[in-house]
Amino acid sequence: MACAGDVPTLEALAATSIIRKKLPALKVRFVNVVNLMKMSPTSEHPHGLADYQFNSIFTTKKPVIFAFHGVPHLVEKLVYKRNGRNITVRGYNEEGSISTAFDMTVMNNLDRFHLVIDVCNKIEHEIFNDLSPKTKFSAVYVRQEMETLLTKHKKYIEEFGVDMPEITDWKWDL
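Quick look at the structure, then. None of the values given here were measured: they were computed from a predicted structure. Residue numbers run consecutively from 1 along every chain, following the written order of its sequence. Under the rules for a predicted model, residues below a pLDDT of 70 receive no local features and side-chain atom pairs below 80 are neither given nor counted, while totals for whole chains, interfaces and linings still include all residues. Each side-chain value is derived from all of the structure's non-hydrogen atoms; neither hydrogens nor water enter the calculation.

### Structural notes on the sheet that holds strand 4 (residues 87-90)
Strand order across the open sheet formed by 4 strands is 2-1-3-4, with parallel pairing between neighbours. In this open sheet, the two edge strands, each paired with only one partner strand, are strand 2 (31-32) and strand 4. Docked against the sheet, helix 1 (residues 6-22) engages strand 1 (2-4), strand 2 and strand 3 (64-68), running at close to 155 degrees with respect to strand 1. The strands that helix 5 (residues 112-125) touches are strand 3 and strand 4; relative to strand 3, the one it contacts most, it runs at about 160 degrees. In this description, strands pair whenever DSSP reports at least two bridges between them. Numbered from the N terminus, helices here are DSSP runs of H or I no shorter than four residues, and strands are runs of E no shorter than two. Between two residues, a contact is recorded if the distance between any of their heavy atoms is within 4.5 Å. Between N-to-C directions, angles span 0 to 180 degrees; the directions come from axes that are lines fitted to C-alpha atoms, helices contributing only their stretch in contact.

### Comments concerning the pattern of salt bridges
The working definition used for a salt bridge is a side-chain nitrogen of Lys or Arg within 4 Å of a carboxyl oxygen of Asp or Glu. In this structure the tally under the stated criterion is 9 salt bridges. In this structure, Glu124 and Arg143 form a salt bridge, with 2.7 Å as the shortest nitrogen-oxygen distance. Here Glu124, found in helix 5, pairs with Arg143, found in helix 6 (residues 133-160); they are 19 residues apart in sequence, far enough to count as distant.

### Considerations on the layout of surface pockets
Empty space within the largest pocket amounts to approximately 520 Å³. Lining the largest pocket we find 22 residues, and of these Lys27, Val28, Arg29, Lys62 and Pro63 sit closest to its centre. For the lining of the largest pocket, the secondary-structure elements that each account for two or more residues are helix 2 (51-58), strand 3 and helix 5. Examining the composition of the lining of the largest pocket, we find that 3 residues originate from one element, helix 5, more than from any other. Among the residues making up the lining of the largest pocket, the classes are represented as 16 nonpolar, 1 polar and 5 charged. Counted as a void, the second largest pocket has a volume near 240 Å³. In this structure, the second largest pocket is lined by 15 residues; those nearest its centre are Ile18, Arg112, Phe113, Glu166 and Trp170. Secondary-structure elements contributing two or more residues to the lining of the second largest pocket are helix 1, helix 5, helix 6 and helix 7 (165-168). A 1.4 Å probe that fits into a set of points on a 1 Å grid over the protein atoms alone but cannot get out defines a cavity; an open set with protein on both sides within 12 Å along at least five of seven lines defines a pocket, and lining residues are those with an atom within 4 Å of a point. Grid points are joined across faces, edges and corners, and a volume is the space filled by probe spheres set on the points. Under this grouping Gly is polar, as are all residues other than the nonpolar Ala, Val, Leu, Ile, Met, Phe, Trp, Tyr, Cys and Pro and the charged Asp, Glu, Lys and Arg.

### Let's talk about the nonpolar core
As used in this record, nonpolar core signifies buried Ala, Val, Leu, Ile, Met, Phe, Trp, Tyr and Cys residues forming a set joined through side-chain atoms within 4.5 Å. Buried residues are those whose accessible area, probed at 1.4 Å on protein chains only, stays under 20% of the maximum for their type, while exposed residues exceed 50% and partly exposed ones sit between those limits. The biggest cluster of nonpolar side chains holds 28 residues, and the ones touching the most others in it are Met1, Leu23, Leu26, Phe113, Val116 and Ile123. Secondary-structure elements contributing two or more residues to this core are helix 1, strand 3, helix 4 (101-107), helix 5 and helix 6. Broken down by element, the residue count for this core peaks at 7 residues, all from helix 5. Leu23 has contacts with Ile18, Cys120, Ile123, Thr135, Ser138, Ala139 and Val142, leaving out every residue within four places of it along the chain.

### With respect to the packing of aromatic side chains
Here a Phe, Tyr or Trp ring, Trp counted by its six-membered ring, pairs with any other such ring whose centre lies within 6.5 Å, and the pair is stacked when the planes are under 30 degrees apart, edge-to-face when over 60, and tilted otherwise. In this structure the tally under the stated criterion is 5 aromatic pairs. Between Tyr156 and Phe160 the ring centres are 4.6 Å apart and the planes differ by 40 degrees, which places this aromatic pair in the tilted class. In this pair, Tyr156 and Phe160 both sit in helix 6, 4 residues apart, roughly one turn of the helix. Here, a charge over a ring means that NZ of Lys or CZ of Arg falls within 6 Å of the ring centre while also lying within 35 degrees of the ring normal. Above the face of the Phe54 ring, Arg82 is positioned so that its terminal group lies 4.1 Å from the ring centre.

### Focus on the packing of helix 5 against helix 6
Where helix 5 contacts helix 6, the axes come no closer than 9 Å and their chain directions differ by 155 degrees. Taken together, the axes of helix 5 and helix 6 are roughly antiparallel relative to one another. When you trace helix 5 past helix 6, the crossing you get is left-handed. Here Phe113, His114, Val116, Ile117, Cys120, Asn121, Ile123 and Glu124 of helix 5 lie close against helix 6, whose contacting residues are Lys136, Ala139, Val142, Arg143, Met146, Glu147, Leu149 and Leu150. When its residues are assigned to classes, the contact of helix 5 with helix 6 shows 10 nonpolar, 2 polar and 4 charged. What sets the label is the angle itself: under 35 degrees gives roughly parallel, over 145 gives roughly antiparallel, 65 to 115 gives roughly perpendicular, and the rest give oblique. Two helices crossing with the near one rotated counterclockwise from the far one by less than a right angle form a left-handed crossing, whereas a clockwise rotation gives a right-handed crossing.

Below, the structure is given as structure tokens:
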């Protein structure tokens, strides 16, 4: 799990917390990118990382979900020359209108629940063979639980006009 920006970092941290609780056998690395130019190769930007440095942080064989505070294409452009990249970027796609802060992330699939769903999809479609049967099957139920929470969120903001307390009051607890 990787991120850049204040809101994506909060959502990625919350997603990581959910994953660590619901899928404890799954190893999750959390990377917060402060200087986005570090994502590019040294040949493209003076702040860029050499391939061996980039690979030591993001690995070459594991999928990466990247939550970004801008348009996803920007991060994709920065890493497109990297070898073995398996980065899925979530960011703002001009979706949404007047709504709550969390609902804006939901409309752009950048919220904690969609990030966890992305991880569950990666488990099912990309890293299925490397995990225990318990983790594989648990991921299916975790995905269903996240979809239920998304429905609960929509109903809650329609009724009350604010984000659910479990969103606004969330704190890192691991």
